[in-house]
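Residue strings, one per chain:
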Protein chains: 2
Amino acid sequence: MIGLNRMEQITIDATQMVAHVGAGAVTADVQTAAERAGLFYPPDPSSQTVSTIGGNIACNAGGPRCLKYGVTADYVLALTAVLADGTIVRWGDGLAGQGPTNGLAQLLVGSEGTLAVITEASLRLIAKPAARRTTMAIFADLDAACSTVERIMAAGIVPAGLELMDDTTIAAVEAFLKIGLPSDAGAMLLMLVDGEPEQVDADAAQLADLARAGGALRVQTARDAVDEANLWKARRVVSIALTRVRPNRLGEDISVPIPQIAACVRRIKQISLEYNFPIVVYGHAGDGNLHPNILFDGRDPNDTERLWPAAEAIFAAALALGGTLSGEHGIGTLKRPFMRHALGDDLIAVQQRIKAHFDPQTLLNPGKVLPEAS
Amino acid sequence: MIGLNRMEQITIDATQMVAHVGAGAVTADVQTAAERAGLFYPPDPSSQTVSTIGGNIACNAGGPRCLKYGVTADYVLALTAVLADGTIVRWGDGLAGQGPTNGLAQLLVGSEGTLAVITEASLRLIAKPAARRTTMAIFADLDAACSTVERIMAAGIVPAGLELMDDTTIAAVEAFLKIGLPSDAGAMLLMLVDGEPEQVDADAAQLADLARAGGALRVQTARDAVDEANLWKARRVVSIALTRVRPNRLGEDISVPIPQIAACVRRIKQISLEYNFPIVVYGHAGDGNLHPNILFDGRDPNDTERLWPAAEAIFAAALALGGTLSGEHGIGTLKRPFMRHALGDDLIAVQQRIKAHFDPQTLLNPGKVLPEAS
């Protein structure tokens, strides 16, 4: 699609509530096109201004909103893809997502380019929420924040975003932005609700109450769009703020059951001490998807030597707590060595056979996701 | 799971908002268990009091609510299945639905038992809507009802149900129930909204306005739960009411784009005249999923001889209008002869290779879905 105007590969069918897009369409452009038609494309990876729909589908991207709205897979109605032998397939029906080839379309979602090359997609759109409201809560310690997350989920509120930042992340953000976050903050929650205005007000008030009942030191609800943007700025600058602490970072992406979030973060803090790295933890607490980041200096051989054992210890911690290797960033090369541990030999063998079936000459994204046959 | 108490194979994890169920769990029991925990399992096939989750997953079942909430595939987070060689696989992560084997789990959804035997599933649950309200609108003709459907979707309201019944269906229901449906009614819409009480009231009022603006002869909004149940009774009795018209019926299930619904129903009415069968049309208009039913007498050879050509004409009409062979009932044996027409030789060949890969000895649901290799 090189040379094509960015928006030209996006067609919105407002009646059918479907976006037909080229794989190279930028996620944020699809969101903009949908919203111009009064509709909504929920998946919102933090990379949305640069990431493409093809990449989002290949990795089954999520984002803060996936807690309420589901992940990219939930919005893929149909795909066009090129198989390794050159066959062009159109799988899924682009209607209600129930045609006889829908399962095949879904097989390609999250396959990270290892089974076929995705060229086009039809994406389900939903009605655009009329209002949104963000509430920030700061806690003295992580346990109080995590038990508040559990209490929110148990109360039946489904936020459109429920982001957790640990003490190290808050300190890094404060050093970068100087917005007055308390230096003794142990954890912070950003809680977004969206929907109809009255309900959004009621939900935001209930979230504030739950945070206070959970021991929050400070609770602040956005009054307007400017407030709203300021609260989310703290979350958006995390990546860049962390580069001020140490020159390099290894960004991880694990998922654990919600009741295990606190235990998981505690274990990561132990790993931080054991391996002598600052490790920050932030992420989408509402669905247990955490982003532990190991901060290191790539020029220091002493750092790079300890890096992989520390990363491995984090993966092992996630698996031991009933979690998974990847929340939303996929497997790629980095987590490939851990796939056998995560899935076991039998499941790996089945996947290797499927990969060999689709791609007998290993032409498609070789060396990714699956370990070599043992 | 024979001998097990029906509810014993259902475990609700309220914090994670997941139901872990045996494949034999009855759909309505899963819904009940979820609602007892203040949660909601949206897929609602009309067979829900007898259908099992295993069957729902195998056919990717829908129902009225799938317009707003998506289909069974959107709620499957993980599956346990037995492959043809006896390997037991656990695919999907049971957390946010983004683990490295999520796509494989989705490959089995809708595969109609042809790729593996599903034994267990982890299903995503959502918050239970606080309120619901149904509005019925009767129109003089089908075009008015169909253009109202388009207008509703364009207005950005997403009903939790938007059911269409044609004149023949209304007459059959009235003959059966005697609830005072007008004998000259050309079409009826049942429009359900759910969510927060204030919003539900506002949406129901807007739906009533849109129906009146669309030329509805009568519009009635349920005042309470009894009213609500009475309005849906007309929809629920359709199957049994039709057996009073002719002893047998061939129930079809096609999907077409929403702007093609009126054209599709008109074409089906022509087919009804051409082949001299009463053919009724009802279904989930909001996502273009229609259920044309050919009413016939299986004891009359004259009827049975014309039956398949009539069914074939309906399938061809759906495909010609950009639709699909199956909305939610799957392919099975009935639509198998039309698969090559619907998908083309190349796609069929790819699917046959995948089937052969999973099931080289054709042990799993032989003779279903895919045509034989040509």
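Residues numbered from 1 in each chain as written. Chains lettered and ligands numbered in written order. Predicted model: local features only at pLDDT ≥ 70, side-chain atom pairs only at ≥ 80, totals over all residues. Heavy atoms only, no water.

*Asks:* Just to check I follow, could you spell out the overall build of chain A for this structure?
*Replies:* On a plain count of helices and strands, chain A comes out with 13 helices and 15 strands. Taken against the 2.2 N^0.38 rule, which gives 21 Å for 374 residues, the C-alpha radius of gyration of chain A at 21 Å falls within 12% of a compact globule. Here the C-alpha coordinates of chain A stretch approximately 60 × 50 × 40 Å along the principal axes. For chain A, with 374 residues in total, the buried portion stands at 60%. Long-range pairs, those at least 24 residues apart, make up 70% of the contacts in chain A between residues at least 6 apart in sequence. Split by element, the accessible area of chain A, about 13900 Å² in all, is 52% carbon and sulfur. The average position of the 31 basic charges and that of the 41 acidic charges among the side chains of chain A differ by 4 Å. (Helix = DSSP H or I, 4+ residues; strand = E, 2+ residues; numbered from the N terminus. Rg over C-alpha atoms; globule rule 2.2 N^0.38 Å. Buried < 20%, exposed > 50% of the residue type's maximum accessible area, 1.4 Å probe, protein only. Contact = heavy atoms within 4.5 Å. Areas by Shrake-Rupley, 256 points an atom, 1.4 Å probe, with all protein chains shown as cover. Lys, Arg positive; Asp, Glu negative; His and termini not counted. Charge placed at Lys NZ, Arg CZ, Asp CG, Glu CD.)

*Asks:* How do you make sense of unusual backbone geometry when you look at a structure like this?
*Replies:* Negative phi values dominate among residues other than glycine, just as trans dominates among peptide bonds. Residue and element names in this part refer to chain A. The phi dihedral of Met17 is positive, around 60°, even though this residue is not glycine. Mapped onto the elements of the fold, Met17 is located in the loop between strand S1 (10–13) and strand S2 (18–22). The class of Met17 is buried, set by a relative accessible area of 8%. Of note, Val369 is a non-glycine position whose phi angle comes to about 65°, a positive value.

*Asks:* I would appreciate a short explanation of the domain arrangement of chain A in the present structure.
*Replies:* Many descriptions give the size of an interface as the accessible area lost when the pieces come together. Along its sequence, chain A is carved into domain 1 (10–127), domain 2 (131–240) and domain 3 (246–320). For domain 1 of chain A and domain 3 of chain A, the distance between their C-alpha centres works out to 30 Å. (Domains from an automatic or database assignment.)

*Asks:* Explanation requested: the pattern of salt bridges in the structure shown.
*Replies:* Close approach of charged atoms lets side chains of opposite charge pair. Residues and elements named next belong to chain A. A complete count under the given rule lists 36 salt bridges over all chains for this structure. Across the pair Arg133 and Asp201 runs a salt bridge, and its minimum N-O distance is 3.0 Å. Of this pair, Arg133 sits in strand S8 (residues 131–139) while Asp201 sits in helix H7 (residues 197–213), and the two are 68 residues apart along the sequence. Relative accessible area serves as the criterion here: at 24%, Arg133 is assigned to the partly exposed category. (Salt bridge = Lys/Arg side-chain N within 4 Å of Asp/Glu carboxyl O.)

*Asks:* Would you mind showing me how to read the interface of chain A and chain B here?
*Replies:* On the side of chain B, 63 residues touch chain A, which itself brings 63 residues to the contact. Counting each side, the surface lost to burial between chain A and chain B is near 4900 Å², with a carbon and sulfur contribution of 63%. Across the contact surface, chain A and chain B share four residue pairs in polar contact (both at pLDDT 80 or more). (Buried area = accessible area lost by both parts, 1.4 Å probe. Polar contact = N/O pair within 3.5 Å; in protein donor to acceptor, adjacent residues only side chain to side chain.)

*Asks:* Would you explain the packing of aromatic side chains in this entry?
*Replies:* Note on aromatic pairs: each is described by the distance of the centres and the angle between the planes. For the structure shown, the criterion picks out four aromatic pairs over all chains. Ring centres 6.1 Å apart and planes at 75° place the aromatic pair A:Tyr41 and A:Tyr75 in the edge-to-face group. Taken together, the positions of A:Tyr41 in the loop between strand S3 (39–40) and helix H2 (53–59) and A:Tyr75 in the loop between helix H3 (66–69) and strand S4 (76–82) put the pair 34 residues apart, joining distant regions of the chain. Of the two residues, A:Tyr41 and A:Tyr75, neither departs from the other in class, the shared state being buried. Centre to centre, the rings of B:Phe40 and B:Tyr69 are 5.5 Å apart; their planes meet at 70°, and the pair counts as edge-to-face. (Phe/Tyr/Trp six-rings, centres within 6.5 Å; stacked < 30°, edge-to-face > 60°.)

*Asks:* What should I look at first to understand the sheet that holds strand S5 (residues 88–92) of chain B in this one?
*Replies:* The pairing of strands in a sheet happens through backbone hydrogen bonds and is either parallel or antiparallel. Residues and elements named next belong to chain B. On the basis of which strands lie adjacent, the open sheet formed by five strands has the order S1-S2-S6-S4-S5 and antiparallel pairing. Two strands lie at the open edges of the sheet, namely strand S1 (10–13) and S5, each paired on one side alone. If you compare each strand with its neighbour and ignore which way they point, the axes differ by 15° on average. Two elements, strand S2 (residues 18–22) and strand S6 (residues 117–124), share five bridges in a ladder whose sense is antiparallel. In the sheet register, Val18 faces S6, and the bridge partner there is Arg124. Those strands touched by helix H1 (residues 27–36) are S1, S2 and S6, and its axis lies near 35° from that of S1. (Pairing = 2+ DSSP bridges. Axes fitted to C-alpha atoms, helices over the stretch in contact; angles between N-to-C directions.)

*Asks:* What exactly am I supposed to notice about the side chain of A:Arg306 here?
*Replies:* All names here are of chain A. Positionally, Arg306 belongs in helix H11 (residues 301–320). Within polar-contact distance, the side chain of Arg306 engages the side chain of Asp303 at 2.6 Å. In contact with Arg306, not counting residues within four places along its chain, are Tyr275, Asn276 and Phe277.

*Asks:* Which parts of the structure should I look at to understand the relation of the copies chain A and chain B?
*Replies:* For these two chain copies, the linking operation is a rotation about an axis paired with a shift along it. Least-squares fitting of chain A to chain B yields an RMSD of 0.0 Å, with the transformation described by 0.0 Å of translation along the axis and a rotation of 180°. This pairing of chains is accounted for by a two-fold axis. Most of the interface of chain A is mirrored in chain B, where 100% of its interface residues are also at the interface. (Least-squares fit on C-alpha atoms with pLDDT ≥ 70 in both.)

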